[in-house]
Amino acid sequence: MKKFLVCVILVFVILTTMCYRNDKIPADDEVSSVISVINRKSLSEYDSSVRYFYSQLSQDEQTIYATLVDGIASMQSEIELPFPISADTYRKIYTLIYRQEPQFFYLSPEYNIADIMNTAKISYRLSPEKASEINERLSAIAEQVKTQLNGANAYQSFVAIHDYIISSCDYTTDTENSDNIYGSLIEKRAGCEGYSKAILYLSRKLGLNAIMVTGQTDDGTNHAWNIVEIDNNFYQLDATWDDPISETPEIPDVTYHFYCLTQDSGFIGVTHFPDDNYFEIPKCNSLGGTYYIQQGLFAKNYDEVKNIISQEITKATAQQKRFIELRVSDSELLEYAKSMLFDNQEIFEILRNTDTGNLLNTSRYYKQCSESMNTILIGLESVSYTHLTLPTNSL
């Protein structure tokens, strides 16, 4: 059963005070002269283009990042660094790799540091043989998704990935792999970090730019979600919070889109609070690529609310869909719509006046509303449901 909950991100760090070499920190001019003759590693132009944060790293940090990525990809236990770095620099780069490179599902969240780092000692969760076997299965899943989304644009792809993760994965933090794509894509059980990394992994396979963001929810719980790019604009995407709770058999197991491709407004600083992600996260201020705009489900007045509900009921009946959803322009309209639809029961008039082919019980419905996102979801069924209101901080 899916749980609409937020998880604690499972990233544990072992910090040890040990030096791999008894080196002193060279002076800045010495470092510059040494680095200038190094054949620097760097990510390819393509790999850089789908990693928003990479361009924010210094040239030295990019070199360390690419060096570690190469070594971890071949599961090296010791990776020689091209030049000495500080513990803080290593911590930053390792954390970024652990969060932003979901293909390294076998990478341990634990790492060792020293005052001066010349060699990175890497720990892995799995043997190379087991990791290779799992990676083949993950690649097959990714290829299947790519085939199914052949010809889809970025918006369509992100929505499809969002819906796929929600429909195929059960929320839990009680498994060993709940924080990675082995858990979310193969075991089909994961927490918010596993959800976010699955979206990151599949997006990258499709050539789309996405990042994972970590932070807290409005009740202080650790959480992870995504920011994705469409046509040079960025959008928030939280698949975990769109995975609904269905603890009552009569309530259909729907997929929400409350937090699918949305803006910062009503999201950042309201329900989601990013922490220090080691890079400046992009602003998500564009309305044009948001889910409800693209789907024609955005209402600016109450007449539009009623028209959208009527047209969506007709579509839902034809598609045997069990719910409809829409977003309104502001909180004032949301409160007015809720009052007219549910308190004054105008929803029943809309149901009766919409051609449903006698397939729906027009005297029954249930509702869920997100106050922060100004969204309404109405369930359509032939049985009696409890009328519910979703608190803004429901997990």
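Each chain carries its own residue numbering, running from 1 in the written order of its sequence. Reporting of local features is limited, given that this is a predicted model, to residues whose pLDDT is at least 70; pairs of side-chain atoms are given and counted only at 80 or more, and all residues count toward the totals for whole chains, interfaces and linings. Side-chain measures here rest on the full set of heavy atoms in the structure, leaving out hydrogens and waters.

**Section: the pattern of salt bridges**
Salt bridges are defined by distance alone: a side-chain nitrogen of Lys or Arg within 4 Å of a carboxyl oxygen of Asp or Glu. All told, the structure shown has 16 salt bridges when counted by the stated rule. Linking Arg-51 and Glu-101 is a salt bridge whose minimum nitrogen-to-oxygen distance equals 2.7 Å. In this pair, Arg-51 is assigned in the loop between helix H2 (45–49) and helix H3 (59–73) and Glu-101 in the loop between helix H4 (87–100) and strand E2 (116–121), connecting sequence segments 50 residues apart. Glu-101 matches Arg-51 in its accessibility class, with the two residues each being buried. Glu-101 is paired through a salt bridge with Arg-204; the nearest N and O atoms lie 3.8 Å apart. Of this pair, Glu-101 sits in the loop between H4 and E2 while Arg-204 sits in helix H8 (residues 192–205), and the two are 103 residues apart along the sequence. Judged by relative accessible area, Glu-101 falls into the buried class, the value being 2%. A relative accessible area of 9% means that Arg-204 is categorised as buried. By the criteria applied, helices consist of DSSP H or I runs no shorter than four residues and strands consist of E runs no shorter than two, each listed in order from the N terminus. Relative accessibility under 20% of the residue-type maximum defines a buried residue, over 50% an exposed one, and the middle range a partly exposed one, all with a 1.4 Å probe and only protein chains included.

**Notes on the packing of helix H6 (residues 154–168) against H8**
Relative placement of two packed helices is described by the angle separating their axes and the distance separating the axes. In contact at an axis separation of 10 Å, H6 and H8 are set at 140° when each is read in the N-to-C sense. With respect to their mutual orientation, H6 and H8 come out oblique. For the element pair H6 and H8, the recorded crossing hand is right-handed. In this structure, H6 uses Phe-158, Ile-161, Tyr-164 and Ile-165 to contact H8, whose residues at the interface are Tyr-195, Ala-198, Ile-199, Leu-202 and Ser-203. In this analysis, axes come from line fits to C-alpha atoms, helices being fitted only over the stretch in contact, and the angle between any two N-to-C directions falls in the range 0 to 180 degrees. Comment on the angle field: the value is read as roughly parallel under 35 degrees, roughly antiparallel over 145, roughly perpendicular from 65 to 115, and oblique elsewhere. Crossings are classed by handedness, with left-handed meaning an anticlockwise turn of the near helix from the far one by less than a right angle and right-handed meaning a clockwise turn. The contact criterion used throughout is that any non-hydrogen atoms of two residues lie within 4.5 Å.

**A short note on the packing of aromatic side chains**
Here a pair means two rings of Phe, Tyr or Trp (six-membered ring of Trp) with centres within 6.5 Å. Their orientation is stacked below 30 degrees between planes, edge-to-face above 60, and tilted elsewhere. Following the criterion strictly, the structure yields 21 aromatic pairs and no others. A centroid spacing of 5.7 Å and a plane angle of 70° characterise the contact between Tyr-54 and Tyr-65, whose relative ring orientation is edge-to-face. Of this pair, Tyr-54 sits in the loop between H2 and H3 while Tyr-65 sits in helix H3, placing them 11 residues apart in sequence. Taking relative accessible area as the criterion, Tyr-65 reaches 0% and is therefore assigned buried. A connected cluster of aromatic rings, assembled from ring pairs, spans Tyr-52, Phe-53, Tyr-54, Tyr-65, Phe-234 and Phe-279. As a reminder, the over-ring test applies to NZ of lysine and CZ of arginine, requiring each to be within 6 Å of the ring centre and within 35 degrees of the ring normal. In this structure, Lys-197 is placed above the aromatic ring of Tyr-98, and the distance from its NZ or CZ to the ring centre is 4.0 Å. Here the basic side chain of Lys-321 rests over the ring of Phe-323, its NZ or CZ set 5.0 Å away from the ring centre.

**A closer look at the sheet that holds strand E7 (residues 233–237)**
Spatial strand order, E8-E7-E6-E5-E9: five strands in an open sheet with antiparallel pairing. Because the sheet does not close on itself, it has two edges, and the strands there are strand E8 (260–262) and strand E9 (272–274). Across the sheet, the mean angle from the axis of one strand to that of its neighbour is 45°, orientation sign disregarded. Judged from the seven bridges that link them, strand E5 (residues 210–217) and strand E6 (residues 222–230) form a sheet pairing that is antiparallel. Pairing of Ile-211 across the sheet is with Ile-227, part of E6. A pair of strands is labelled paired if DSSP reports no fewer than 2 bridges between them.

**So, the confidence of the model for the protein chain**
The quantity called pLDDT is the predictor's confidence in a given residue, expressed from 0 to 100. The share of residues in the protein chain with pLDDT of 70 or more is 82%, and the mean pLDDT across the chain is 86. With pLDDT under 50 throughout, residues 1–34 is counted as low confidence; its partners more than four residues away or in other chains account for 89 contacts. Predicted confidence is poor over residues 383–395, with pLDDT under 50, and the contacts of this stretch with residues over four places away or in other chains come to 37 contacts.

**Things to note about the side chain of Arg-99**
Along the chain, Arg-99 falls in helix H4. Of note is the side chain of Arg-99, whose polar atom sits 3.1 Å from the side chain of Thr-214. Beyond its immediate chain neighbours, meaning those up to four positions away, Arg-99 contacts Lys-197, Leu-200, Met-212, Thr-214, Asp-275, Asp-276 and Asn-277. Side-chain atoms alone can form a polar contact between residues adjacent in sequence; in general such a contact is a pair of N or O atoms within 3.5 Å, and within protein one must be able to donate a hydrogen while the other accepts it.

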